[in-house]
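Chain and residue survey
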Amino acid sequence: MDKKDINFLEELLYNTDKNKLISQLSKIDNPLMLHFFAANYNWDSGYDAPIAILENKTCDFGTGLLMFHYAEGYRLLENPNEVSKSSLEEWKDFLSKIYNKLINLEFKSQNISFDSGLTKTQKYKLKKSKPNFPDILISKSPGEVVDIPEI
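Because the structure is a prediction, the values reported are computed rather than measured.

Brief notes about the environment of glutamate 144
Mapped onto the elements, glutamate 144 comes out in the segment after helix 9 (120-129). By relative accessible area, which is 56% here, glutamate 144 ends up exposed. Remark: the alpha-carbon pair of glutamate 144 and isoleucine 112, spanning 32 residues in sequence, is separated by 5.0 Å. What glutamate 144 contacts, discounting residues up to four positions off in sequence, is Asn111, Ile112 and Ser113.

So, in structure tokens, the structure goes:
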């Protein structure tokens, strides 16, 4: 990634015009740029940008998995009832969309690897309590491991 790409991502990350941000995210045709943006995104800023990434046709499976875990998708796996009772509608909607897209493998590519960082114990407890949930949500995704720059 060159300096120009880093500057572009910085501008996006600190852009306060939500409509412009979403428009630019929808036009990015480089899966790595979407991945790096998602990894550096301030998740307290809402779900409009992550939804724009998710809806971008070049969004990679690894980026989807990253966003699922960064949005605390583990809570959905651990206790779906707690999530469904949450008053955070935007969060619930995002988790539902990304969960479905991940388990249905609705991504154009699987070239960027992501590992949730869950411990063996966490994975074991999830599998024991919910033996039928998809392993792809807690396993390292296929693809190349990339170093994510801090922006």
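Let's pick the thread back up.
Here's the deal with the packing of aromatic side chains
Tallying each qualifying case throughout the model produces seven aromatic pairs. The interplanar angle of 85 degrees and the centroid separation of 5.5 Å between the aromatic rings of tyrosine 41 and tryptophan 43 together place this pair among those described as edge-to-face. We note that tyrosine 41, like tryptophan 43, is buried. Feature note: the residues Phe37, Tyr41, Trp43, Tyr47 and Phe94 constitute an aromatic cluster, connected by ring pairs. The positively charged end of lysine 101 is found above the aromatic ring belonging to phenylalanine 107, 4.9 Å away from the centroid.

Remarks on unusual backbone geometry
One non-glycine residue, glutamate 72, lies in positive phi territory at about 65 degrees. The topology assignment puts glutamate 72 in the loop between helix 5 (61-70) and helix 6 (73-78). The class for glutamate 72 is partly exposed, based on a relative accessible area of 42%. Phi at leucine 105 takes a positive value of approximately 50 degrees, unusual for a residue other than glycine. Within the element layout of this structure, leucine 105 appears in the loop between helix 8 (89-103) and helix 9. Judged by relative accessible area, which is 48%, leucine 105 ranks as partly exposed.

Digging into the pattern of salt bridges
Oppositely charged side chains may form a pair once their charged atoms are brought near each other. Here the structure, examined in full by the defined rule, presents four salt bridges. Salt-bridge contacts for glutamate 72 lead to arginine 75; the nearest nitrogen and oxygen are separated by 3.0 Å. Note on arginine 75: relative accessible area 32%, which makes it partly exposed. A salt bridge links glutamate 89 to lysine 92, with the shortest nitrogen-to-oxygen separation between them at 3.2 Å. Here glutamate 89 pairs with lysine 92, and both are found in helix 8, just three residues apart, close to one helical turn. Taken together, the shared-partner salt bridges connect Glu72, Arg75 and Glu82 into one network.

Rules of the game
Residues numbered from 1 in each chain as written. Predicted model: local features only at pLDDT ≥ 70, side-chain atom pairs only at ≥ 80, totals over all residues. Heavy atoms only, no water. Helix = DSSP H or I, 4+ residues; strand = E, 2+ residues; numbered from the N terminus. Buried < 20%, exposed > 50% of the residue type's maximum accessible area, 1.4 Å probe, protein only. Contact = heavy atoms within 4.5 Å. Phe/Tyr/Trp six-rings, centres within 6.5 Å; stacked < 30°, edge-to-face > 60°. Lys NZ or Arg CZ within 6 Å of the ring centre and 35° of its normal. Salt bridge = Lys/Arg side-chain N within 4 Å of Asp/Glu carboxyl O.

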